[in-house]
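An overview of the molecular structure
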Amino acid sequence: IEFRNVTFAYPNGSGVPAIKGLSFSIKSGQNLAIIGPTGSGKSTIAWLLLRFYDINSGQILVNGCDIKELGIDSVRNNIAIVPQKPMLFSGTIAENIRWGNNEATDEMLYQAAQKAQAGFIEKMQSGYESHLGSGGVNVSGGQKQRISIARGILKDSSILILDDATNALDAVTEAKVRENLNSKTGNQTIITITQRCGTAMFADRILVMDNGVKVGFGTHNQLMKDCEVYRDIYKTQIESSKEV
């Protein structure tokens, strides 16, 4: 994935670019974390990659091809996104997970759920045939997110985007999900959008955004040396928690 000098302002908005002159690249199979304050443009990067919006200037390339030339269906068929607020519908848990891949076998579905740390499903009275209310009103926030993550895993796309998709999970469960995703075979590229330094620091590369501008890009150790915004996030979230 490569962004080349990308600038974008939301249509009918203030006119102020949400993304300004953004350039970065990651290789197939790498894990990228995008971190920054609220309103820094993190989720906008995902929307642009999915072509929910087209950029004003610059280029976005996947496997060397400009996504404008690939077509919207081609782009979205190769990307799975797990949003911060899971989109669950009235139906069984199995039906909700299979929304990511209607042709998946039962075994594939179970494996996706296990990778998403969704073992709680098997403990429910009807297991995977348990019925969800609209929006998943009868399960907890963390359970909703794990069902949604299982759906994203089951799609088995070349790119998986987690948009603040683990914020309702405790640190231990999140770490296990991350470990399972990292051990996945093949060249799946994983993009994790987060406000948690504890989530971002384990990625192959970290993109630090602030007010629509890239202020840092590299590994955790590199950013601790060279990026003031990242250091501030780390000190606020990690070091302050150690002092408590």
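Check the entry above for the structure.
What comes next concerns the included structure. (Residues numbered from 1 in each chain as written. Predicted model: local features only at pLDDT ≥ 70, side-chain atom pairs only at ≥ 80, totals over all residues. Heavy atoms only, no water.)

Within the secondary structure layout, Thr92 lies in strand E7 (residues 91–92). Contact partners of Thr92, with chain neighbours within four places excluded, come to Tyr128, Glu129, Ser130 and His131. (Helix = DSSP H or I, 4+ residues; strand = E, 2+ residues; numbered from the N terminus. Contact = heavy atoms within 4.5 Å.)

With that out of the way, let us pick up the packing of aromatic side chains. Evaluation of the coordinates by the stated rule reveals 8 aromatic pairs. Measuring from centroid to centroid gives 4.8 Å for Phe8 and Tyr10, while their planes differ by 75°, and the two rings are edge-to-face. The exposure class assigned to Phe8 is buried, which follows from its relative accessible area of 1%. You can call Tyr10 partly exposed: its relative accessible area is 29%. Between the aromatic rings of Phe89 and Trp99, the centroid separation amounts to 5.8 Å while the plane-to-plane angle is 90°, which identifies the pairing as edge-to-face. With a gap of 10 residues between them, Phe89 in the loop between strand E6 (79–82) and E7 and Trp99 in the loop between helix H4 (93–98) and helix H5 (106–115) connect regions that are remote in the sequence. Here Phe89 falls in the partly exposed class, since its relative accessible area comes to 28%. Taken together, the ring pairs connect Phe3, Phe24 and Phe217 into an aromatic cluster. (Phe/Tyr/Trp six-rings, centres within 6.5 Å; stacked < 30°, edge-to-face > 60°. Buried < 20%, exposed > 50% of the residue type's maximum accessible area, 1.4 Å probe, protein only.)

Moving on to the layout of surface pockets. Each pocket or cavity is described by its volume, and for the largest pocket that value is around 430 Å³. As for the largest pocket, its lining consists of 16 residues, and the residues nearest its centre are Ala80, Ile81, Trp99, Arg151 and Lys155. Broken down by secondary-structure element, the contributors of at least two residues to the lining of the largest pocket are E6 and helix H7 (141–155). Tallied by class, the residues present in the lining of the largest pocket amount to 10 nonpolar, 3 polar and 3 charged. (1 Å grid on protein atoms, 1.4 Å probe; cavity = no way out; pocket = protein on both sides within 12 Å on 5 of 7 lines; lining within 4 Å. Points joined across faces, edges and corners; volume = space filled by probe spheres on them. Nonpolar A, V, L, I, M, F, W, Y, C, P; charged D, E, K, R; others polar.)

A word on the sheet that holds strand E3 (residues 31–35). Here we have 6 strands laid out as an open sheet, ordered E6-E9-E10-E3-E11-E12, and mixed in their pairing. Each edge of the sheet is formed by a strand with only one pairing partner; in this case those strands are E6 and strand E12 (213–218). Averaged over all pairs of adjacent strands, the angle between their axes in this sheet comes to 15°, without regard to strand direction. In this structure, strand E9 (residues 159–163) lies alongside strand E10 (residues 189–194), joined through 5 bridges in parallel fashion. Looking across to E10, one finds that Asp163 is bridged to Ile193. (Pairing = 2+ DSSP bridges. Axes fitted to C-alpha atoms, helices over the stretch in contact; angles between N-to-C directions.)

Fair warning: the whole summary comes from geometry, so function is off the table for now.
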